[in-house]
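# Chains, contacts and geometry: an overview
Each chain is listed here by its residues.
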Amino acid sequence: MTCDSVARLIPLYFYGELMPEEEDQLEEHLHACAACTREMERQRALAAALDRRHAELPPTLLDACRADLQAAIQGGAPRYEKPAKGPWTLFLEALAATLAGFHRYRTPVGAVALVALGFFAARFTGARLPASSLSPAGEVFSTVRSVEAEGSGRVQIAVDETRRRVVSGPTGDRDIQRLLLAAVREDNPAVRVESVDLLRSRPDSGEVRDALLNAVAHDSNAGVRLEALDGLKPLAGDPQVRKTLARVLLADDNPAVRMQVVDLLVSHRDDSMVGVLQNLVQKEDNNYVRLKCEKVLRDMNASIGTF
Amino acid sequence: MAQDAAGAVGARLSLQIDSLIRAAQRGDQDAFEQLVRAHDQSVLRLAMNLLRSTEDARDVYQEAFLRVYRSLDSFRFDCSFQTWLYRIVTNICLDRLRKRKVRKEESAVVETSHGPVDRMEALQEEAAHANPERTLWNRELKRRMENALQDLTPRERMVFELRHYQGLRLRNIGDLLGTTEEAAKNCLFRATRKMRAELGDCI
């Protein structure tokens, strides 16, 4: 063992990450080499210095975090519900949702989105808000964060305040676009659906394309994913979009999403999709999605099975 | 013998956690709360130590457990719950570290009954009574330590945090971060080398 190789192993030795035989060899070297022994001492000193930097948890922080979480959940954090319905009901619902394009949800969703976007704008500091379009009177919403008795009849109450502001402007406005892009990551799925719907008018922007792809691949709400897929229609020939769609097709748990992905993928002739579709046929448990894939493969003169 | 006993306790705890997860997956809110309480201290400590800001740690806590709440149904018991949870937490923390890489790191402020106190400053004040030279030395050490930690890439910082402060094995760290044990070893080596270079003769 040379001094160079020992230098590399010293941190691993210190943290007990070496194999027993490596440990023996290193210890043997340390016995014989004063320079490496000094290196080992410096490693111990570094660890001791860093130990003193360990942050202590402020005593009330954990309780505050637990209260935040409880409030968020009770306030209706969306939870992914596993459908307890049969495949037939599920398919009919999914098909209806796809065909209706979620128009039946649109009106209430729009109303909620306006309010939520106003809330969001108040918190968002990244965008320069168009000042002329801000509503002048902002309502303030208060949440009591903690109550502590101070003794002698006094009490200390910590209150968080959220100020609502409403921002309006043309959808093409750069600041509005930035707000919409940020709103796509908000917790409220209704806000996400509405934002994706508004963003889809600008699929030519790289940022919008990325936001739509991200929503298709990662959003927990199938409605948002379907809306984002709609927005990606003009980009169905883009190789990056096709790559993401192929991944979503094999991973998404919602049959309506898978149906729409197949539609998008086959709207452009692309023989490299044959393998993806063959894979899907093998694992697909929804009859209608499977039949659709089989038909697409037949239309492409490709075999349905894999060999 | 002691090891057997510890193993038995570990297995029992793991069974308890599994039954809490199953109950929470069925929509039992109490079970979810117990599941959170069994893990949230270590999550908060990790976030606090990495981000050095109570506000950021609070945000990480909220974001992590809300993600758990929303996606618990997709947990399939193919890894331990702690591993699954830590994957979520480390991703959120890495995102934040990357975003703030250009910003100067905040100090370890601790809230006390006398108001916010920087933990390192408190240590220095303590030492000042004993030895003023020591105070200067401590201040220099702190400055260099902050510089050294800021020089680390978010990934090096995360590997170092998980190994040094959280005591996780490098194999598990590699697994959490979606990389290999070898890559985690390299990260730890690079992190240590950078810190030693920055701290120089202070250690």
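Residues numbered from 1 in each chain as written. Chains lettered and ligands numbered in written order. Predicted model: local features only at pLDDT ≥ 70, side-chain atom pairs only at ≥ 80, totals over all residues.

### A look at the overall build of chain B
When helices and strands are tallied, chain B shows nine helices and two strands. If you list the helices and strands of chain B from N to C, you get α-α-α-α-β-β-α-α-α-α-α. Expressed as a percentage of its 203 residues, the buried residues of chain B come to 32%. (Helix = DSSP H or I, 4+ residues; strand = E, 2+ residues; numbered from the N terminus. Buried ≥ 20, exposed ≤ 12 C-beta atoms within 10 Å, placed from the backbone.)

### A short note on the overall build of chain A
When helices and strands are counted, chain A shows 14 helices and two strands. Counting over 307 residues, chain A shows a buried share of 26%. Residue pairs in contact within chain A that sit at least 24 positions apart in sequence constitute 64% of those at least 6 positions apart. (Contact = placed C-beta atoms within 7 Å.)

### Some thoughts on the environment of Arg144(B)
Mapped onto the elements of the fold, Arg144(B) is located in helix H6 (residues 132-151). For the pair Arg144(B) and Gly200(B), spaced 56 residues apart in sequence, the C-alpha separation works out to 8.8 Å.

### Points about the confidence of the model for chain A
Of the residues in chain A, 77% reach a pLDDT of 70 or more, and the chain-wide mean stands at 76. Note on residues 81-137 of chain A: pLDDT is under 50 here. Beyond four places in sequence and across chains, it has 75 contacts. (pLDDT = per-residue confidence, 0-100.)

### So, the interface of chain A and chain B
Taken together, the 33 residues of chain A in the interface contact 38 residues of chain B. Of all elements in the fold, only helix H1 (3-14), helix H3 (34-51) and helix H4 (61-74) of chain A reach the threshold of two or more residues within the side of chain A that touches chain B. The leading source of residues in the side of chain A that touches chain B is H4(A), at nine residues. Each residue belonging to the side of chain A that touches chain B can be placed in one class, and the counts come to 21 nonpolar, two polar and 10 charged. (Nonpolar A, V, L, I, M, F, W, Y, C, P; charged D, E, K, R; others polar.)

### Focus on the nonpolar core
Counting residues in hydrophobic clusters, the biggest one holds 49 residues, and the most contacted among them are Ala47(B), Val60(B), Tyr61(B), Val89(B), Cys93(B) and Val159(B). Among all residues touching Cys93(B), those that are not within four sequence positions of it are Ala47(B), Leu50(B), Leu51(B), Val60(B) and Met158(B). By size, the runner-up hydrophobic cluster in this structure holds 43 residues, among which are Ala190(A), Val224(A), Ala256(A) and Val276(A). (Core = buried A, V, L, I, M, F, W, Y, C linked by C-beta atoms within 7 Å.)

### Section: H1(A)
An α-helix turns once per 3.6 residues; consequently, residues spaced three or four apart project the same way. Taking 1.5 Å per residue as the helical rise, H1(A) with its 12 residues ought to reach 16 Å, and the 16 Å between its terminal C-alpha atoms agrees with that figure. Every buried residue of H1(A) is accounted for by Val6(A), Leu9(A), Ile10(A), Pro11(A) and Leu12(A). Against helix H2 (20-32) and H3 of chain A together with helix H9 (181-199) of chain B lie the buried residues of H1(A). Of the residues one or two after H1(A), Gly16(A) is the one with positive phi, at around 65°. (Expected span 1.5 Å × (residues − 1).)

### Looking at the confidence of the model for chain B
All names here are of chain B. Of all residues in chain B, 76% have pLDDT values of 70 or greater, and the mean over the chain is 81. For the stretch residues 102-128, pLDDT sits under 50, and the model shows 40 contacts to residues farther than four places along the chain or on other chains. The complex prediction reports pTM at 0.50, with the ipTM value standing at 0.79.

### So, the environment of Thr83(B)
All names here are of chain B. Along the chain, Thr83 falls in helix H4 (residues 81-99). The exposure class assigned to Thr83 is partly exposed, which follows from the 13 C-beta atoms found within 10 Å. Sequence separation of Thr83 and Leu176 is 93 residues, and the distance between their C-alpha atoms is 6.6 Å. Leave out the neighbours within four places in its chain, and Thr83 touches Asp175 and Leu176.

### A short note on unusual backbone geometry
Residues and elements named next belong to chain B. With a phi angle near 55°, Arg52 is a residue other than glycine that sits in the positive phi range. Among the structural elements, Arg52 can be located in the loop between helix H2 (29-51) and helix H3 (54-71). According to the C-beta neighbour criterion, Arg52 is buried, with 20 such atoms within 10 Å.

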